[in-house]
Amino acid sequence: MHSSTLIFTLGASLLDLAAAHGYVSGVKVNNAGWFPGADPVWYYLPSGAAAPTTGWNALNQDNGFVAPDSYQTSNIACHKNATAGQLYINANAGDSLTFFWNTWPDTHKGPIINYIAPCNGDCTTKSAASLSWTKFSEGGYNAGTWVTDTLIKNNFTSSTTIPAKLKAGNYVIRHEIIALHSAGNDNGAQNYPQCLNIKVGGSGSVNPPTGTAATSLYKRTDSGILFDLYRSFTSYPIPGPAVWTGAN
Ligand SMILES: *[C@@H]1O[C@H](CO)[C@@H](O)[C@H](O)[C@H]1NC(C)=O
Ligand SMILES: *[C@@H]1O[C@H](CO)[C@@H](O)[C@H](O)[C@H]1NC(C)=O
Ligand SMILES: [Cu+2]
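Residues numbered from 1 in each chain as written. Chains lettered and ligands numbered in written order. Predicted model: local features only at pLDDT ≥ 70, side-chain atom pairs only at ≥ 80, totals over all residues. Heavy atoms only, no water.

Asker: Kindly report on the state of the cysteines, identifying the contributing residues and their values.
Answerer: Scanning the model with the defined rule gives 2 disulfides in all. Two residues share a disulfide in this structure: C78 and C195, whose sulfurs sit 2.1 Å from each other. Since a negative S-S torsion denotes a left-handed disulfide, the C78-C195 link at about -80° is left-handed. Of this pair, C78 sits in helix α2 (residues 75–78) while C195 is found in strand β11 (residues 190–201), placing the two residues 117 residues apart along the sequence. Residue C78 shares its accessibility class with C195, and that shared class is buried. In the chain, the bonded cysteines, taken in the order they occur along the sequence, pair up as 1-4, 2-3. (Disulfide = S-S within 2.5 Å. Helix = DSSP H or I, 4+ residues; strand = E, 2+ residues; numbered from the N terminus. Buried < 20%, exposed > 50% of the residue type's maximum accessible area, 1.4 Å probe, protein only.)

Asker: Describe the sheet that holds strand β10 (residues 169–179), and please don't skip the residues or the numbers.
Answerer: What the 6 strands build is an open sheet, ordered β3-β11-β10-β5-β6-β12; its pairing is mixed. With one partner strand each, in any of the chains shown, β3 (89–92) and β12 (212–213) form the two edges of the open sheet. Both β10 and β11 contribute to a ladder of 11 bridges, which runs antiparallel. Directly across from A179, in β11, lies its bridge partner Q190. (Pairing = 2+ DSSP bridges.)

Asker: Explain the pattern of salt bridges residue by residue, including any values.
Answerer: Summed over the entire model, instances satisfying the criterion amount to 6 salt bridges. For E176, the salt bridge identified is with R174, shortest N-O distance 2.8 Å. Its relative accessible area of 0% is what places E176 among the buried residues. Residue K219 pairs with D222 through a salt bridge whose shortest N-O separation is 3.6 Å. Residue D222 is classed as buried on the basis of its relative accessible area, which comes to 16%. Among the charged side chains, a salt-bridge network with shared partners connects D106, K109 and D149. (Salt bridge = Lys/Arg side-chain N within 4 Å of Asp/Glu carboxyl O.)

Asker: Give a detailed account of the nonpolar core, specifying residues and quantitative values.
Answerer: In terms of nonpolar packing, the biggest core is built from 32 residues, with W56, C78, W133, V172, I178, L180 and Y218 touching the most fellow members. Those elements giving two or more residues to this core turn out to be α2, β5 (112–118) and β10. Residues in contact with V172, not counting those within four places in the same chain, are W56, Y115, I116, A117, C119, C123, L131, W133, C195, L196 and N197. (Core = buried A, V, L, I, M, F, W, Y, C linked by side-chain atoms within 4.5 Å. Contact = heavy atoms within 4.5 Å.)

Asker: Quick rundown of the sheet that holds strand β1 (residues 24–29)? Include the residues and the values.
Answerer: Across the sheet, which stays open at both edges, the 4 strands sit in the order β2-β1-β4-β9 with antiparallel pairing between neighbours. Here the strands that pair on one side only, and so sit at the sheet edges, are β2 (32–36) and β9 (157–161). Each neighbouring strand pair of the sheet contributes to a mean axis angle of 25°, computed without reference to strand direction. Looking at chain direction, strand β4 (residues 96–101) and β9 are connected through 5 bridges and run antiparallel. For F99, the partnering residue across the bridge sits in β9 and is S158. (Axes fitted to C-alpha atoms, helices over the stretch in contact; angles between N-to-C directions.)

Right, dumping it as structure tokens:
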């Protein structure tokens, strides 16, 4: 390894110990309303004292990540030991969703990916392991800019559009940042999945395809997971299944 790369990599991981990561504090629909995400502080509150949210609670009190050696466990679905959110984001097919992260470190560059999973009924009683995911939007690297750079520039927000013909119903949205600052090493990528319940209205009639179990989304050797951020490159292969456009 080139020594300046080594120093940079070490610097980035030392920074990582001190830097706050983040979580989705809430979502706006068409730039309005406020649907709260799960604040990891819930874990320290007396039982029953946490306000219900649209976001799934998880054991991410360190604002930490899920590592590639957990890709074949259900923790990769909605973060560690996740339990279902008790409220829903209310939106219609074709609406824009803006995810507000509470903060994000500049060093944590990488893709932002959105998945949807139908609940076929009530999402608030579902387990993370029972859901099947369809990727409907993604962003990565383009001409020197990572989508995480754009997120920071936009007040730690990232927006996407609900597919315009998506069938009305209850879904879980899986919004995820993958940080690549240590991803040049095996097991070095950092996944920050955030799940939120959404009740989609409107007159759409297209069901998502069968979808992918969370445990089959990624492998630690995928070219977008084992990826050296500090080497010269012109493109970045976003990991996971192909983007579904069947309801756009
Ligand atoms: C989290 O899940 C693991 C199994 O995946 C379990 O061993 C552990 O006890 C759980 N922790 C809590 C606090 O529920
Ligand atoms: C930035 O986002 C926070 C919520 O995370 C919000 O309170 C604040 O008003 C936003 N600032 C601007 C300039 O939009
Ligand atoms: Cu970090």
